[in-house]
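Examining the three-dimensional arrangement
Single-letter residue listing:
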Amino acid sequence: MSQPMPLRRTPVQQRSAERLGRILDACARLLDEAGYDELSTRTVATRADVPIGSVYRFFGNKRAMVDALAQRNLERYAERVAERLTAIAADDWRGAMDTVLDEYLAMKRTAPGFALVDFGTQIPVGDPGADPNHRVADTLTGLLAPHLGRTPDDALRRAFLVAVEAADALVRLAFRLDPAGDERIIEETRQLLRGYLARVLD
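An account of the accompanying structure is given in this report. Numbering of residues starts from 1 in every chain and runs along the sequence as written. For a predicted model such as this one, the threshold for reporting local features is a pLDDT of at least 70, and the threshold for listing and counting side-chain atom pairs is 80 or more; totals across whole chains, interfaces and linings nevertheless cover every residue. The basis for every side-chain value is the complete set of non-hydrogen atoms in the structure, without hydrogens or water.

1. Observations regarding the packing of helix H1 (residues 14-34) against helix H4 (residues 62-85)
Working note: a packed helix pair is described by the angle between its axes plus the distance between those axes. Throughout, an axis means a line fitted to C-alpha atoms (over the contacting stretch in the case of helices), and angles, computed between N-to-C directions, take values from 0 to 180 degrees. Secondary structure counts use DSSP, requiring at least four H or I residues in a row for a helix and at least two E residues in a row for a strand, with both numbered from the N terminus. The N-to-C vectors of H1 and H4 enclose an angle of 100°; their axes lie 10 Å apart at closest approach. By the angle between their axes, H1 is roughly perpendicular relative to H4. Touching Gly-21, Ile-23, Leu-24, Asp-25, Cys-27, Ala-28 and Leu-31 of H1 are Met-65, Val-66, Ala-68, Leu-69 and Arg-72, all from H4. Relative orientations are named as follows: roughly parallel for angles under 35 degrees, roughly antiparallel for angles over 145 degrees, roughly perpendicular for angles from 65 to 115 degrees, and oblique for any other angle. Only heavy atoms enter the contact rule, under which two residues are in contact if any of them lie within 4.5 Å.

Spelled out as C-alpha coordinates, the structure:
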(Lines give C-alpha, C1' and ligand atoms only; values in the text may rest on other atoms or scores of the structure.)
Protein backbone atom coordinates (compact mmCIF):
# COMPACT_ATOMS: atom_id res chain seq x y z
CA MET A 1 0.00 0.00 0.00
CA SER A 2 1.35 3.42 -0.95
CA GLN A 3 1.97 6.04 1.69
CA PRO A 4 1.70 9.82 1.42
CA MET A 5 4.68 11.58 -0.12
CA PRO A 6 6.97 12.72 2.70
CA LEU A 7 7.89 16.32 3.35
CA ARG A 8 11.26 17.35 2.00
CA ARG A 9 12.01 18.65 5.47
CA THR A 10 10.17 17.96 8.71
CA PRO A 11 9.69 21.14 10.76
CA VAL A 12 11.53 21.04 14.07
CA GLN A 13 11.08 24.52 15.47
CA GLN A 14 7.65 25.95 16.25
CA ARG A 15 8.17 28.81 13.81
CA SER A 16 8.83 26.36 11.00
CA ALA A 17 5.79 24.26 11.94
CA GLU A 18 3.60 27.36 11.96
CA ARG A 19 4.91 28.32 8.51
CA LEU A 20 4.08 24.85 7.20
CA GLY A 21 0.60 25.20 8.67
CA ARG A 22 0.11 28.56 6.91
CA ILE A 23 1.21 27.02 3.62
CA LEU A 24 -1.28 24.16 3.91
CA ASP A 25 -4.05 26.53 5.03
CA ALA A 26 -3.40 28.71 1.98
CA CYS A 27 -3.36 25.66 -0.27
CA ALA A 28 -6.75 24.57 1.08
CA ARG A 29 -8.36 27.99 0.58
CA LEU A 30 -7.01 28.31 -2.97
CA LEU A 31 -8.34 24.86 -3.86
CA ASP A 32 -11.82 26.05 -2.88
CA GLU A 33 -11.44 29.30 -4.82
CA ALA A 34 -9.81 28.18 -8.05
CA GLY A 35 -9.45 24.39 -8.12
CA TYR A 36 -6.43 22.14 -8.51
CA ASP A 37 -5.52 23.12 -12.07
CA GLU A 38 -5.06 26.78 -11.12
CA LEU A 39 -3.14 25.99 -7.95
CA SER A 40 0.58 26.82 -7.98
CA THR A 41 3.36 26.96 -5.44
CA ARG A 42 3.75 30.68 -6.17
CA THR A 43 0.09 31.53 -5.48
CA VAL A 44 0.24 29.49 -2.29
CA ALA A 45 3.38 31.33 -1.16
CA THR A 46 1.71 34.68 -1.85
CA ARG A 47 -1.47 33.74 0.00
CA ALA A 48 0.50 32.31 2.95
CA ASP A 49 2.72 35.41 3.00
CA VAL A 50 5.91 33.36 2.91
CA PRO A 51 8.86 33.38 0.47
CA ILE A 52 8.53 30.90 -2.40
CA GLY A 53 11.67 29.22 -1.05
CA SER A 54 9.76 28.31 2.10
CA VAL A 55 7.26 26.34 0.03
CA TYR A 56 10.04 24.49 -1.82
CA ARG A 57 11.76 23.78 1.48
CA PHE A 58 8.82 21.47 2.28
CA PHE A 59 7.45 20.48 -1.14
CA GLY A 60 8.91 19.71 -4.55
CA ASN A 61 5.69 20.55 -6.38
CA LYS A 62 1.99 21.25 -5.87
CA ARG A 63 1.09 17.58 -6.01
CA ALA A 64 3.25 16.87 -2.95
CA MET A 65 1.70 19.88 -1.21
CA VAL A 66 -1.84 18.65 -1.85
CA ASP A 67 -0.89 15.15 -0.71
CA ALA A 68 0.38 16.66 2.55
CA LEU A 69 -2.93 18.52 2.92
CA ALA A 70 -4.80 15.25 2.45
CA GLN A 71 -2.66 13.60 5.12
CA ARG A 72 -3.29 16.48 7.51
CA ASN A 73 -7.01 16.11 6.85
CA LEU A 74 -6.83 12.43 7.78
CA GLU A 75 -4.88 13.20 10.97
CA ARG A 76 -7.39 15.86 12.02
CA TYR A 77 -10.28 13.55 11.21
CA ALA A 78 -8.76 10.79 13.34
CA GLU A 79 -8.29 13.24 16.22
CA ARG A 80 -11.92 14.36 16.02
CA VAL A 81 -13.22 10.79 15.92
CA ALA A 82 -10.97 9.71 18.80
CA GLU A 83 -12.15 12.62 20.94
CA ARG A 84 -15.81 11.78 20.38
CA LEU A 85 -15.29 8.07 21.00
CA THR A 86 -14.43 8.83 24.63
CA ALA A 87 -18.13 9.59 25.21
CA ILE A 88 -19.41 6.41 23.49
CA ALA A 89 -19.84 3.11 25.31
CA ALA A 90 -17.50 0.31 24.27
CA ASP A 91 -20.41 -1.92 23.25
CA ASP A 92 -22.10 0.76 21.15
CA TRP A 93 -20.56 0.13 17.74
CA ARG A 94 -23.50 1.78 16.01
CA GLY A 95 -22.85 4.98 17.93
CA ALA A 96 -19.17 4.71 17.02
CA MET A 97 -19.95 4.31 13.32
CA ASP A 98 -22.38 7.23 13.46
CA THR A 99 -19.51 9.31 14.82
CA VAL A 100 -17.22 8.14 12.02
CA LEU A 101 -19.78 9.22 9.41
CA ASP A 102 -20.85 12.44 11.17
CA GLU A 103 -17.28 13.70 11.56
CA TYR A 104 -16.57 13.02 7.90
CA LEU A 105 -19.70 14.94 6.90
CA ALA A 106 -18.76 17.83 9.21
CA MET A 107 -15.32 18.11 7.60
CA LYS A 108 -16.77 17.85 4.11
CA ARG A 109 -19.09 20.75 4.89
CA THR A 110 -16.68 23.01 6.74
CA ALA A 111 -12.98 22.18 6.18
CA PRO A 112 -11.36 24.39 3.49
CA GLY A 113 -10.23 22.43 0.45
CA PHE A 114 -11.85 19.23 1.72
CA ALA A 115 -14.44 19.07 -1.06
CA LEU A 116 -11.65 18.58 -3.60
CA VAL A 117 -9.00 16.76 -1.59
CA ASP A 118 -10.57 15.05 1.46
CA PHE A 119 -8.06 12.26 2.19
CA GLY A 120 -6.58 12.31 -1.30
CA THR A 121 -9.36 10.62 -3.27
CA GLN A 122 -10.66 13.46 -5.44
CA ILE A 123 -7.69 14.44 -7.59
CA PRO A 124 -4.55 12.60 -8.71
CA VAL A 125 -2.18 13.19 -5.82
CA GLY A 126 0.95 11.33 -4.87
CA ASP A 127 1.70 7.91 -6.34
CA PRO A 128 -0.81 7.03 -9.09
CA GLY A 129 -1.22 3.67 -7.39
CA ALA A 130 -2.04 5.18 -4.01
CA ASP A 131 -5.41 4.34 -2.52
CA PRO A 132 -6.32 6.70 0.33
CA ASN A 133 -9.34 4.62 1.33
CA HIS A 134 -6.93 1.92 2.49
CA ARG A 135 -5.28 4.51 4.77
CA VAL A 136 -8.70 5.54 6.06
CA ALA A 137 -9.63 1.92 6.76
CA ASP A 138 -6.32 1.33 8.55
CA THR A 139 -6.87 4.48 10.63
CA LEU A 140 -10.40 3.46 11.60
CA THR A 141 -9.29 -0.06 12.45
CA GLY A 142 -6.63 1.38 14.74
CA LEU A 143 -9.16 3.68 16.43
CA LEU A 144 -12.19 1.42 16.66
CA ALA A 145 -10.71 -2.02 17.39
CA PRO A 146 -9.41 -1.12 20.88
CA HIS A 147 -12.48 0.99 21.66
CA LEU A 148 -14.83 -1.87 20.76
CA GLY A 149 -12.63 -4.55 22.32
CA ARG A 150 -12.01 -6.21 18.96
CA THR A 151 -8.91 -7.76 17.49
CA PRO A 152 -7.59 -5.62 14.62
CA ASP A 153 -7.23 -8.60 12.30
CA ASP A 154 -7.55 -8.87 8.53
CA ALA A 155 -11.27 -9.65 8.71
CA LEU A 156 -12.03 -6.50 10.70
CA ARG A 157 -9.85 -4.33 8.48
CA ARG A 158 -11.51 -5.78 5.37
CA ALA A 159 -14.96 -5.02 6.79
CA PHE A 160 -13.97 -1.43 7.51
CA LEU A 161 -12.43 -1.09 4.04
CA VAL A 162 -15.69 -2.23 2.41
CA ALA A 163 -17.62 0.16 4.66
CA VAL A 164 -15.30 3.05 3.78
CA GLU A 165 -15.54 2.37 0.04
CA ALA A 166 -19.34 2.14 0.17
CA ALA A 167 -19.72 5.26 2.31
CA ASP A 168 -17.29 7.18 0.09
CA ALA A 169 -19.34 6.45 -3.04
CA LEU A 170 -22.67 7.25 -1.38
CA VAL A 171 -21.49 10.46 0.27
CA ARG A 172 -20.20 11.62 -3.13
CA LEU A 173 -23.68 10.95 -4.51
CA ALA A 174 -25.29 12.87 -1.65
CA PHE A 175 -23.15 15.94 -2.36
CA ARG A 176 -23.75 15.72 -6.10
CA LEU A 177 -27.49 15.84 -5.47
CA ASP A 178 -27.26 18.64 -2.90
CA PRO A 179 -24.25 20.90 -2.20
CA ALA A 180 -24.99 20.52 1.52
CA GLY A 181 -25.37 16.73 1.27
CA ASP A 182 -28.73 15.11 0.51
CA GLU A 183 -30.02 14.01 3.91
CA ARG A 184 -32.04 11.11 2.50
CA ILE A 185 -28.97 9.61 0.82
CA ILE A 186 -26.95 10.20 3.99
CA GLU A 187 -29.57 8.36 6.06
CA GLU A 188 -29.53 5.49 3.54
CA THR A 189 -25.74 5.43 3.89
CA ARG A 190 -26.05 5.23 7.68
CA GLN A 191 -28.49 2.33 7.47
CA LEU A 192 -26.39 0.51 4.88
CA LEU A 193 -23.31 0.75 7.12
CA ARG A 194 -25.25 -0.54 10.11
CA GLY A 195 -26.74 -3.44 8.15
CA TYR A 196 -23.42 -4.48 6.65
CA LEU A 197 -21.33 -4.16 9.82
CA ALA A 198 -23.92 -5.90 12.01
CA ARG A 199 -22.80 -9.30 10.76
CA VAL A 200 -19.23 -8.51 11.83
CA LEU A 201 -19.73 -6.46 15.00
CA ASP A 202 -22.90 -7.86 16.62
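2. Some remarks on the side chain of Thr-141
When you line up the elements, Thr-141 lands in helix H7 (residues 132-148). Discounting chain neighbours no more than four positions away, the residues touching Thr-141 are Pro-146, Pro-152, Leu-156, Arg-157 and Phe-160.

3. A closer look at empty space enclosed by the protein
Rolled over the atoms, a probe sized like a water molecule indicates the empty space that remains. We place a 1 Å grid over just the protein atoms. Points where a 1.4 Å probe fits but has no way out form a cavity, open points with protein on both sides within 12 Å along at least 5 of 7 lines form a pocket, and any residue with an atom within 4 Å of a point lines it. Grid points are joined across faces, edges and corners, and a volume is the space filled by probe spheres set on the points. Taken as a whole and assessed by the stated rule, the structure comprises 1 cavity of 30 Å³ or more. Lining the largest cavity we find 17 residues, and of these Tyr-77, Tyr-104, Val-136, Val-164 and Ala-167 sit closest to its centre. If you list the elements that add at least two residues to the lining of the largest cavity, you get helix H5 (93-110), H7 and helix H8 (154-177). With 5 residues, H8 is the largest single contributor of residues to the lining of the largest cavity. Residues were grouped as follows: Ala, Val, Leu, Ile, Met, Phe, Trp, Tyr, Cys and Pro as nonpolar; Asp, Glu, Lys and Arg as charged; and all remaining residues, including Gly, as polar. A class-by-class count of the residues in the lining of the largest cavity yields 13 nonpolar, 2 polar and 2 charged.

4. Quick word on the packing of H4 against H5
Two elements in contact, H4 and H5, have axes whose closest approach is 10 Å; the angle formed by their N-to-C orientations is 140°. Classed by the angle they form, the pair H4 and H5 counts as oblique. The element H4 and its partner H5 pack so that their crossing is right-handed. Contacts between H4 and H5 involve Asn-73, Arg-76, Tyr-77, Arg-80, Val-81, Arg-84 and Leu-85 from the first element and Ala-96, Thr-99, Val-100, Asp-102, Glu-103, Tyr-104, Ala-106 and Met-107 from the second. Broken down by class, the residue content of the contact of H4 with H5 amounts to 8 nonpolar, 2 polar and 5 charged. The sense of a crossing depends on the near helix, which, turned anticlockwise from the far helix by less than a right angle, makes the crossing left-handed and, turned clockwise, makes it right-handed.

5. Some words on H7
When the terminal C-alpha atoms of H7 are compared, their 24 Å separation across 17 residues agrees well with the 24 Å that a helix rising 1.5 Å per residue should span. Buried means the residue's accessible area, taken with a 1.4 Å probe over protein chains only, is under 20% of the maximum for its type, while exposed means over 50%, and partly exposed covers the values in between. For H7, a buried count of 12 out of 17 residues is recorded, marking the element as mostly surrounded by other parts of the structure. Of all the positions in H7, only Pro-132, Asn-133, Arg-135, Val-136, Ala-137, Leu-140, Thr-141, Leu-143, Leu-144, Ala-145, His-147 and Leu-148 are classed as buried. Buried-residue contacts for H7 involve H4, H5, H8 and helix H9 (183-201). How far a helix is expected to stretch is found by multiplying one less than its residue total by 1.5 Å.

6. Quick word on the nonpolar core
Of all hydrophobic cores here, the largest spans 38 residues; its most connected members are Tyr-77, Leu-144 and Leu-197. Counting only elements with at least two residues in this core, the list comes to H4, H5, H7, H8 and H9. No other element matches the 9 residues that H8 contributes to this core. Once residues within four sequence positions are removed from consideration, Leu-144 is found in contact with Leu-85, Ala-96, Met-97, Val-100 and Phe-160. Take the buried residues of types Ala, Val, Leu, Ile, Met, Phe, Trp, Tyr and Cys, join any two whose side-chain atoms come within 4.5 Å, and each joined set is a nonpolar core.

Interpretation in functional terms is not warranted from these geometric data alone.
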